[in-house]
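Structural characterization, general
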Amino acid sequence: DNEESLWVSDVTVSNSGGFHHSNWFVVPETEFAGPDGYWRCRDREFSELGAAVAGTVLFAQSTQSQLETQSFVPGAVIKVPPRHKVVAGVHMLNPSTREITTRFRMTLGMIHPRDVEVLLKPFRLSYFELDIPPNSQARYTAECDLDALARQVTGGPLDMKLYWVLPHYHYRGNYFRAE
């Protein structure tokens, strides 16, 4: 029910376990219509790409993290426009043989609009060609010439700055480097 834009400078989430990974979005309140609470994605034709396009990404939880803060440089914010709501794609994980109960809490840190210098936008880059043999370690390197692609599509150089990077790998992942 926000009538004014919100300027989010950091997001802190905590949970008591059972959350494998989650991606959180802000979308117009008319998107994915229905009552608040839990619902199946297919019942409201929800997809993470659809949510990102309809609104924007708010937060991406690191794999199996129970406490995490996504904090941006001073003046960089995610804009939550008026009359937007928070929705999420959530992957749960319970490796035990018993039923568990969990909780999730999200806190938004906000700044005054006069202090906003950069409006952040989501960007996703995926690499799916991993083939790690059992009981081993592997390291992969990939190159992606985003500038050449930008020049091909827009006719100009890539004009982008990264403010937050979240590698998504499971608890056995032990190295990530982007340059």
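Owing to the predicted nature of the structure, the values given are computational and were not obtained by experimental measurement.

1. Points about the layout of surface pockets
The space that makes up the second largest pocket amounts to roughly 640 Å³. Taken together, 22 residues line the second largest pocket, and the ones lying closest to its centre are W24, G37, Y38, W39 and A88. Listing elements by their share of the lining of the second largest pocket, those giving two or more residues are β2 (19-28) and β6 (84-92). Per-element tally for the lining of the second largest pocket: the top contributor is β6, with 8 residues. The residue makeup of the lining of the second largest pocket, split by class, is 12 nonpolar, 5 polar and 5 charged.

2. Remarks on unusual backbone geometry
You will see that E45, though not glycine, has its phi angle at about 55°, which is positive. Tracing the chain through its elements places E45 in the loop between β2 and α1 (48-54). The exposed category is assigned to E45, whose relative accessible area is 72%. A positive phi is found at N135, a non-glycine position, where the angle reads about 55°.

3. A word on helix α2 (residues 146-154)
Residue D145 occupies the N-cap position of α2, its side-chain oxygen lying 3.4 Å from the main-chain nitrogen of D147. In the segment just after α2, G155 is the residue with positive phi, at about 85°.

4. Focus: the confidence of the model for the chain
Note: predicted coordinates in regions of low pLDDT should not be interpreted at a detailed level. Put simply, the chain has an average pLDDT of 90, and 98% of its residues get 70 or more. By mean pLDDT, the top-scoring element of the chain is strand β5 (residues 76-80) (97), and the lowest-scoring one is strand β4 (residues 67-71) (92).

5. So, the environment of V80
As for its position among the elements, V80 is in strand β5. Judged by relative accessible area, V80 falls into the buried class, the value being 4%. As for V80 and L58, which are separated by 22 residues in sequence, their C-alpha atoms are 8.7 Å apart. The contacts of V80, once residues within four sequence positions are left out, are N2, E4, S5, L6, V8 and V26.

Rules and cut-offs
- Residues numbered from 1 in each chain as written.
- Predicted model: local features only at pLDDT ≥ 70, side-chain atom pairs only at ≥ 80, totals over all residues.
- Heavy atoms only, no water.
- 1 Å grid on protein atoms, 1.4 Å probe; cavity = no way out; pocket = protein on both sides within 12 Å on 5 of 7 lines; lining within 4 Å.
- Points joined across faces, edges and corners; volume = space filled by probe spheres on them.
- Helix = DSSP H or I, 4+ residues; strand = E, 2+ residues; numbered from the N terminus.
- Nonpolar A, V, L, I, M, F, W, Y, C, P; charged D, E, K, R; others polar.
- Buried < 20%, exposed > 50% of the residue type's maximum accessible area, 1.4 Å probe, protein only.
- Polar contact = N/O pair within 3.5 Å; in protein donor to acceptor, adjacent residues only side chain to side chain.
- pLDDT = per-residue confidence, 0-100.
- Contact = heavy atoms within 4.5 Å.

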